[in-house]
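Examining the three-dimensional arrangement
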Amino acid sequence: MFCQSLTFSASCNPIIYQNATPVFIDSEPDTWNMSPKALEKAFEKYTPKAVIVVHLYGHSAKMDEIMKICNKHQVPILEDAAESLGTTYHRKFTGTFGKYGVFSFNGNKIITTSGGGMLVSDDEKGIQKARFWATQARDEARHYQHSEIGYNYRMSNVVAGIGRGQMKVLEKRIAQKTQIFETYQKAFQAIPEIRNAYGNRGTKM
Ligand SMILES: Cc1ncc(COP(=O)(O)O)c(C=O)c1O
């Protein structure tokens, strides 16, 4: 599996959970995310099962270029949008480009349920299967029967309630984060050694 190099370890841990081999793709200065050039080069050497792209610090990776490369090789994209809830790239939300997208509601994120996250996809069957695995993989039977190994990755109704409340402040938080970004950009613009990934929210990209 290909995975972005500059990221939090949780982006690549699932590769090891599956006994697969991670191949790290360099990140680029423009976005601090996966370099489309490095990705293209890696495809010359390997054929991965999937490509894990991350959108760090609320900045989208260059999804048009990355999607083009992955589509050419017919390899699915898994988007780690843990840090980019509300970010758009060409007016489309990050986490909705790939086959699957994941978001985090951990305590250090833009909104939080104290812990937990969200998986999104337009593949309904895939989501049903993920929900089955995430809720102990219990077969449809009146008794306890399991034909697959399951996990307890479910979100409790209590924290989901907190999440619904938090959704109401998301827009405000995005505006605040954008303002903070612009403040840093302005404050350091005269110092070439200090560089931000560019502000690629909304229509800027
Ligand atoms: C890029 C990235 N991926 C994955 C995660 C893991 O999310 P969680 O802690 O909700 O499992 C985080 C943050 O915690 C993150 O920043």
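Owing to the predicted nature of the structure, the values given are computational and were not obtained by experimental measurement.

A tally of helices and strands in the chain yields six helices and eight strands. Listing every helix and strand of the chain by position from the N terminus yields β-α-β-α-β-α-β-β-β-β-β-α-α-α. Relative to the compact-globule value of 17 Å for 205 residues, the chain shows a C-alpha radius of gyration of 18 Å, a close match. Referenced to the eigenvectors of the C-alpha coordinate spread, the extents of the chain come out at roughly 70 × 45 × 25 Å. Expressed as a percentage of contacts within the chain between residues at least 6 apart in sequence, the contacts between residues at least 24 apart total 47%. Of the roughly 13100 Å² that the chain leaves accessible, carbon and sulfur atoms contribute 54%. Separation between the mean location of the 26 positive side-chain charges and that of the 19 negative ones in the chain comes to 5 Å.

Turning next to the pattern of salt bridges. Where charged atoms of side chains with opposite charge meet at close range, the side chains can pair. A complete count under the given rule lists five salt bridges for this structure. The network of salt bridges with common partners includes Glu28, Asp30 and Lys62.

A few words now on the site of the ligand. Around the ligand, the structure places Thr7, Phe8, Ala10, Ser11, Val54, Asp80, Ala82, Glu83, Ser104, Asn106, Lys109 and Gly116. Between Ser104 and the ligand, the recorded distance is 2.7 Å, taken from a side-chain N or O atom to an oxygen atom. One of the side-chain N or O atoms of Lys109 is found 2.9 Å from an oxygen atom in the ligand. Bound to the protein, the ligand loses 76% of the 380 Å² it would expose on its own.

Backbone hydrogen bonds are what pair the strands of a sheet, in a parallel or an antiparallel way. With mixed pairing, the six strands of this open sheet are ordered in space as 2-1-3-4-7-8. Since the sheet does not close on itself, it has two edges, and those belong to strand 2 (23-25) and strand 8 (117-120), each with one partner. If you compare each strand with its neighbour and ignore which way they point, the axes differ by 20° on average. Bridge analysis of strand 1 (residues 2-4) against strand 2 gives three bridges, and the strand direction is parallel. Pairing of Phe2 across the sheet is with Val23, part of strand 2.

What follows deals with the packing of helix 2 (residues 36-43) against helix 3 (residues 63-73). Closest axis-to-axis distance for the helix 2/helix 3 pair is 9 Å, and the angle between their directions is 15°. On the basis of the axis angle, helix 2 is roughly parallel to helix 3. Two packed elements cross with a definite hand, and for helix 2 against helix 3 that hand is right-handed. In this structure, helix 2 uses Pro36, Leu39, Glu40 and Phe43 to contact helix 3, whose residues at the interface are Glu65, Ile66, Ile69, Cys70, Lys72 and His73.

Bringing the pairing of strand 3 (residues 51-54) into the picture now. Here strand 3 shows two buried faces, one formed by Val51 and Val53 and the other by Ile52 and Val54. Strand direction decides the pairing type here: strand 1 and strand 3, joined by two bridges, are parallel. From the neighbouring strand, Cys3 faces strand 3, where its bridge partner is Ile52. Bridge count for strand 3 against strand 4 (residues 77-80) is four bridges, and the pairing is parallel.

Rules used in this analysis
- Residues numbered from 1 in each chain as written.
- Predicted model: local features only at pLDDT ≥ 70, side-chain atom pairs only at ≥ 80, totals over all residues.
- Heavy atoms only, no water.
- Helix = DSSP H or I, 4+ residues; strand = E, 2+ residues; numbered from the N terminus.
- Rg over C-alpha atoms; globule rule 2.2 N^0.38 Å.
- Contact = heavy atoms within 4.5 Å.
- Areas by Shrake-Rupley, 256 points an atom, 1.4 Å probe, with all protein chains shown as cover.
- Lys, Arg positive; Asp, Glu negative; His and termini not counted.
- Charge placed at Lys NZ, Arg CZ, Asp CG, Glu CD.
- Salt bridge = Lys/Arg side-chain N within 4 Å of Asp/Glu carboxyl O.
- Near = heavy atom within 4 Å.
- Polar contact = N/O pair within 3.5 Å; in protein donor to acceptor, adjacent residues only side chain to side chain.
- Pairing = 2+ DSSP bridges.
- Axes fitted to C-alpha atoms, helices over the stretch in contact; angles between N-to-C directions.
- Parallel < 35°, antiparallel > 145°, perpendicular 65-115°, else oblique.
- Left-handed = near helix turned anticlockwise from the far one by under 90°.
- Buried < 20%, exposed > 50% of the residue type's maximum accessible area, 1.4 Å probe, protein only.

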